Amino acid sequence: MSPISRRTLMLGGLAAAGAAAVPAYSSSVLNATAAVPYPFQLGVASGEPDASSVVLWTRLAPAPLNADGQGGMANANVAVDWQVSTDDRFSTLVASGSVTATYAAAHSVHVVAAGLNPDADYFYRFRAQGHLSPVGRTRTAPAPGTNGRDLVMAFTSCSHYEEGYFTVYRRMAEDNPGVILHLGDYIYEYGATTGRPRLHAGASEIVSLADYRRRYAQYKSDPDLQAAHAAAPWIVVPDDHEVENNRAGNIRADSTPSLSAAQWTARQSAAYKAYYENLPLRPAQAPSGASIPLYRKLPWGKLASFHMLDTRQYRNDQACGDGWKICSDADLASRSLPGNTQETWLLNNLAQRGATWDLLGQQVFFARRFNSTGASMDSWDGYRASRARIQQGWVDRGVRNPVVLTGDVHRAWASNLVADYNNPASAVIGQELVTSSVSSSGDGDGATTIPDVGTNPWLKFYNNRRGYIRTTLSPTQLRADFRAVAKVTEHGAAATTVKSFVVEEGRPGLQTV
């Protein structure tokens, strides 16, 4: 990984797009001349890459943990300059400009840097109030109809600040990925709990916009998380904890804290506003009140299509009161996890067969996983007809290489997906890769015995450590390395590869490396 550092910038203003070399000034000198505290304490990020553009993000917050959620910024607009270069010393600019950071948006900015070359690496930075930001690296997707370079893509989920350090993010950055996926639970909504490695700011569960903004600021102050954001463009989808645990559409899982209907709507609006403000999403993903448009397709040339699903906003309520159980209602054809509109959208996208690998980035366990008590009603086992429609849909449309990417369960799993889960000899029609968490559930015990594999013979791997999955995609093969760290209750553990599989193009099923 290239060093993530503050670089130099001309004090007299940013050069125009396409300008040549920029005179170098020491960032320490530049920052020392500023009359206001350093505002880039939440780092920088990029995301949503396509073949010619990428979103650049930062948020000004010299005092990130202020209780009003405004990060120590005054109620005034601030001009933020930005630059994109082909090198990390910014000797050749390819794009630049200025954007206004507003108090109403907690001084966050989302710059769509356009006019970039396909399948190319870039560096970017910001300047505001006399200060320079750290430097981030980003990358564009290949041009339509081309494969581009092989893609290293890493993904993870579930980063509970109190339950461990974010070493997993640091290790992901060190792998120099081309893109990072985050599959939900980027923050947790709970109040501080004593006795853990770290404490949330605020004693109570977060509810207001100020609460959510401060929670994101606390998480994004973490240097390991900042390193991962600065290393590659991110593609993100939320799960439940970005609002509240186990929500289903507009239905809460419990009544704690007690909220009126209007207060619940206000809470969802606040949560999604803060989510958008703090992640590198395109303006098309900006929320409208209590809803946010997040299911979307991102092409990566003809190598891969990322179908990013939202499995929280549009689902039916969990069947039979949620939890693990035997529940016939889970088979009702009327029930859907992504909602009927999103199901149709997904199947129409899959029918296009625009890339070698169709990657379904989503939140909850997809393959059937039963134990002696039944199955999780919060997973696709609680929406079995919905799962069957999607699986049969990709079979009917001749999709060659569907791979479901999943988070949520704080353990690493790998599974073949079969046409009929009631028939152990059924044909393999796809595969699922389930990442462990960044820190949620703490260190784990390192167990690798697959639970209930006699009942679920399609399950091929299990590991109870925190970590991520590093995939390498080529036109002929997808390789998945399950990476894990032994501890997250102590900072700085090494990451090791626990298990690797490959999927050959046109040959469904996980092959052990």
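Residues numbered from 1 in each chain as written. Predicted model: local features only at pLDDT ≥ 70, side-chain atom pairs only at ≥ 80, totals over all residues. Heavy atoms only, no water.

Caption draft 1: Structural context of the pairing of strand β24 (residues 507–512). Both strand β23 (residues 495–504) and β24 contribute to a ladder of three bridges, which runs antiparallel. When the bridges of β24 are listed, E504 appears paired with R507. Between β23 and β24, which pair antiparallel one after the other, the connecting turn spans two residues, and G506 there sits at a positive phi close to 80°. (Pairing = 2+ DSSP bridges. Helix = DSSP H or I, 4+ residues; strand = E, 2+ residues; numbered from the N terminus.)

Caption draft 2: Focus on the packing of helix α6 (residues 340–352) against helix α7 (residues 384–396). Two numbers describe how α6 lies on α7: the axes approach to 9 Å, and their chain directions differ by 15°. As summarised for this structure, α6 and α7 are arranged roughly parallel, according to the angle between their axes. Both α6 and α7 take part in a crossing whose hand is right-handed. Of α7, the residues touching α6 (which contributes N340, E343, L346, L347 and L350) are S386, R389, I390, G393 and W394. Its residues assigned to classes, the contact of α6 with α7 shows five nonpolar, three polar and two charged. (Axes fitted to C-alpha atoms, helices over the stretch in contact; angles between N-to-C directions. Parallel < 35°, antiparallel > 145°, perpendicular 65-115°, else oblique. Left-handed = near helix turned anticlockwise from the far one by under 90°. Contact = heavy atoms within 4.5 Å. Nonpolar A, V, L, I, M, F, W, Y, C, P; charged D, E, K, R; others polar.)

Caption draft 3: Seen up close, the sheet that holds strand β20 (residues 459–463). In space, the seven strands of this open sheet follow the order β12-β13-β15-β17-β19-β18-β20, with mixed pairing throughout. On the outer flanks of this sheet lie β12 (296–300) and β20, each paired with one strand and no other. On average, adjacent strands in this sheet sit at an angle of 20° to one another, irrespective of strand direction. Pairing of strand β13 (residues 304–308) with strand β15 (residues 357–361) involves five bridges; the strand directions are parallel.

Caption draft 4: Helix α4 (residues 223–231), seen in detail. Counting buried positions along α4 yields eight of nine residues, so the element is predominantly enclosed. Between the side-chain oxygen of the N-cap and the backbone nitrogen of D224 there are 2.8 Å, and the N-cap of α4 in question is D222. (Buried < 20%, exposed > 50% of the residue type's maximum accessible area, 1.4 Å probe, protein only. Polar contact = N/O pair within 3.5 Å; in protein donor to acceptor, adjacent residues only side chain to side chain.)

Caption draft 5: Molecular detail of the domain arrangement of the protein chain. When the domains of the protein chain are assigned, the result is domain 1 (36–140) and domain 2 (145–512). Taking only C-alpha atoms into account, the centre of domain 1 sits 27 Å from that of domain 2. Listed by partner, the interface residues are 39 residues for domain 1 and 35 residues for domain 2. Overall, the association of domain 1 and domain 2 removes approximately 2,900 Å² of surface from exposure, summing both partners, and the carbon and sulfur fraction of that is 49%. Contact with domain 2 buries surface across domain 1, with E48, R137 and R139 losing the most and accounting together for 25% of the total. Run the count over domain 1 and domain 2 and you get four salt bridges. The salt bridge involving D119 is made with R149; its shortest N-O contact spans 3.2 Å. Remark: the boundary between domain 1 and domain 2 carries 22 residue pairs in polar contact (both at pLDDT 80 or more). (Domains from an automatic or database assignment. Buried area = accessible area lost by both parts, 1.4 Å probe. Salt bridge = Lys/Arg side-chain N within 4 Å of Asp/Glu carboxyl O.)

Caption draft 6: Just unusual backbone geometry, in detail. Between T256 and the following residue, P257, the backbone shows a cis peptide bond with an omega angle of -5°. Counting through the fold element by element, P257 comes out in the loop between β11 (234–236) and α5 (261–278). Although it is not a glycine, Q129 adopts a positive phi angle of roughly 55°. Examined against the element boundaries, Q129 turns out to sit in the loop between β6 (121–128) and β7 (131–132). In the Ramachandran plot, S441 falls in the positive-phi region, its phi being about 80° despite a non-glycine side chain. When you line up the elements, S441 lands in the loop between β19 (428–434) and β20. On the basis of relative accessibility, which here comes to 36%, the residue S441 falls in the partly exposed class.

Caption draft 7: Structural view of the UniProt feature "domain: Phospholipase D N-terminal" (unreviewed entry) in the protein chain. Under the UniProt annotation, "domain: Phospholipase D N-terminal" (unreviewed entry) lies at residues 42–140. As a span, residues 42–140 carries 0% helix and 47% strand, and end to end its C-alpha atoms are 23 Å apart. (UniProt positions renumbered as here; feature names shortened; annotations may be inferred.)

Caption draft 8: Here's a closer look at the environment of D88. Mapped onto the elements of the fold, D88 is located in the loop between β3 (78–85) and β4 (93–101). For D88 and R125, which are 37 residues apart along the polypeptide, the C-alpha to C-alpha distance reads 9.4 Å.

Caption draft 9: Inspection of the nonpolar core at higher detail. Core analysis: the largest hydrophobic core is formed by 39 residues, its most contacted members being Y169, Y186, W234 and Y275. Of all elements in the fold, only α2 (167–174), α3 (209–220), α4, β11 and α5 reach the threshold of two or more residues within this core. Residue contacts for W234: discarding those within four places in its chain leaves S46, G47, E48, Y169, I180, H182, Y186, L225, A228, H229 and P280. The next biggest cluster of nonpolar side chains, apart from the first, holds 31 residues, and it includes M153, A304, I469 and A480. (Core = buried A, V, L, I, M, F, W, Y, C linked by side-chain atoms within 4.5 Å.)

Caption draft 10: Region of the structure containing the packing of aromatic side chains. Applying the stated criterion across every chain yields a total of 20 aromatic pairs. Measuring from ring centre to ring centre gives 5.4 Å for F365 and W413, while their planes differ by 90°; the resulting arrangement is edge-to-face. With a gap of 48 residues between them, F365 in the loop between β15 and β16 (375–376) and W413 in strand β18 (residues 412–418) connect regions that are remote in the sequence. W413 matches F365 in its accessibility class, with the two residues each being buried. Through a chain of ring-to-ring contacts, the aromatic side chains of Y161, F166, Y169, Y186, Y216, Y219 and W234 assemble into a single cluster. Its end group placed over the ring of Y383, R335 keeps NZ or CZ at 4.3 Å from the ring centre. (Phe/Tyr/Trp six-rings, centres within 6.5 Å; stacked < 30°, edge-to-face > 60°. Lys NZ or Arg CZ within 6 Å of the ring centre and 35° of its normal.)

Caption draft 11: Structural view of the side chain of R315. Topologically, R315 is positioned in the loop between β13 and β14 (324–325). A polar atom in the side chain of R315 sits 2.8 Å from the backbone oxygen of T311. At a separation of 3.3 Å, a polar atom in the side chain of R315 contacts the side chain of Y383.

Caption draft 12: Molecular detail of the state of the cysteines. Using the criterion set out here, one finds one disulfide in the structure. With its sulfur 1.9 Å from that of its partner, C320 forms a disulfide with C327. Because the torsion about its S-S bond is 70°, the bridge between C320 and C327 counts as right-handed. Among the residues examined, C320 registers a relative accessible area of 38% and is labelled partly exposed. (Disulfide = S-S within 2.5 Å.)

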